[in-house]
Amino acid sequence: MQQTYIRTARADDGDALARMDRENWSTLHSVQPRPTPPYEPFFTDRFGPRDHLVAELDGRLVGYVRLGFPTPLAVHAHVRQILGFVVAEEARGKGVGRRLIRAVVAEARRQGARRLTLRVLGHNTPARTLYESEGFVTEGVLPGEFLLDGAYVDDVLMGRAL
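A quick note: this is a predicted structure, and the numbers were derived from the prediction, not measured.

Participant: Would you mind going over the packing of helix α2 (residues 96-110) against helix α3 (residues 125-133) with me for this structure?
Facilitator: Helix packing for two helices is described by the angle between their axes and how far apart those axes are. One way to put it is that α2 packs onto α3 with a least axis distance of 10 Å and a crossing angle of 50°. Taken together, the axes of α2 and α3 lie oblique to each other. Once α2 is placed against α3, the crossing between them reads as right-handed. Contact with α2, carried on its side by G97, R98 and I101, involves L130, Y131 and S133 of α3 and no other residues of that element. Tallied by class, residues from the contact of α2 with α3 come to three nonpolar, two polar and one charged.

The following block contains the structure:
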């Protein structure tokens, strides 16, 4: 039986996470252009290993979620935001995404947050379904916010209390 383990990222996970990002890039979930060499490092001064929870399936990294502050404002310090979420194609449908979402909810609570928010593209039905099943609700929609593959796509704002 395959075992999924969720943990905080380590500095030496950066290359594997960057590769996973590139291999799973899609306009289903990204508004950024497809990555091309030379590739930027996965971890930056703004988001380091401490800001990422990773999923290991049988010892291989198969997903991550990035947690951060939506703004640097002190009056907003009680809110955390999911700022990145990827599950490798080969791990989808195995509960990895659900485990990561539950872990990031617990981590946001551990940090003292009262709310957790995220943004998701309107056409990303699998992600929206997962978020809704884990207690997130649509709090706003920016219609036609992005032009992806020749089509206008909504930016959906979701959140939940902790």
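Participant: When you look at the sheet that holds strand β5 (residues 115-121) in this model, what are you seeing that I'm missing?
Facilitator: As a general point, the strands of a sheet are linked pairwise by backbone hydrogen bonds and lie either parallel or antiparallel. Read from one edge to the other, the open sheet built from seven strands follows the order β1-β2-β3-β4-β5-β7-β6, with strand pairing classed as mixed. At either end of the open sheet lies a strand with only one pairing partner, and these are β1 (4-8) and β6 (137-148). In this sheet, adjacent strand axes meet at a mean angle of 25° when their direction is disregarded. Pairing geometry for strand β4 (residues 79-87) and β5, over four bridges, is parallel. Bridge pairing in β5 places Q81 opposite T117. Its contacts with the sheet place helix α1 (residues 14-23) against β2 (52-57), β3 (60-68) and β4, and it is angled at close to 90° to β3. Sheet strands touched by α3: β4, β5, β6 and β7 (151-161). Its angle to β5, the strand with the most contacts, is close to 160°.

Calculation rules
Note that residues are indexed from 1 along each chain, following the sequence as it is written. Selection of residues for local features in this predicted model requires a pLDDT of at least 70, selection of side-chain atom pairs for listing and counting requires 80 or more, and totals for whole chains, interfaces and linings are taken over all residues. Computation of side-chain values: all heavy atoms of the structure, hydrogens and water removed. The angle between two axes is taken between their N-to-C directions and runs from 0 to 180 degrees, where each axis is a line fitted to C-alpha atoms and a helix contributes only its stretch in contact. For helices the rule is a DSSP run of H or I covering at least 4 residues; for strands it is a run of E covering at least 2, with both sets numbered from the N terminus onward. Here the word oblique covers every angle except those under 35 degrees (roughly parallel), over 145 (roughly antiparallel) and from 65 to 115 (roughly perpendicular). Each crossing gets its handedness from the near helix: less than a right angle anticlockwise from the far helix is left-handed, clockwise is right-handed. By definition, residues are in contact when any of their heavy atoms lie within 4.5 Å. Residues are grouped as follows: Ala, Val, Leu, Ile, Met, Phe, Trp, Tyr, Cys and Pro are nonpolar; Asp, Glu, Lys and Arg are charged; every other residue, Gly included, is polar. When DSSP finds two or more bridges between a pair of strands, those strands are recorded as paired.

So, to be careful, I would describe these as geometric facts and stop short of saying anything about function.
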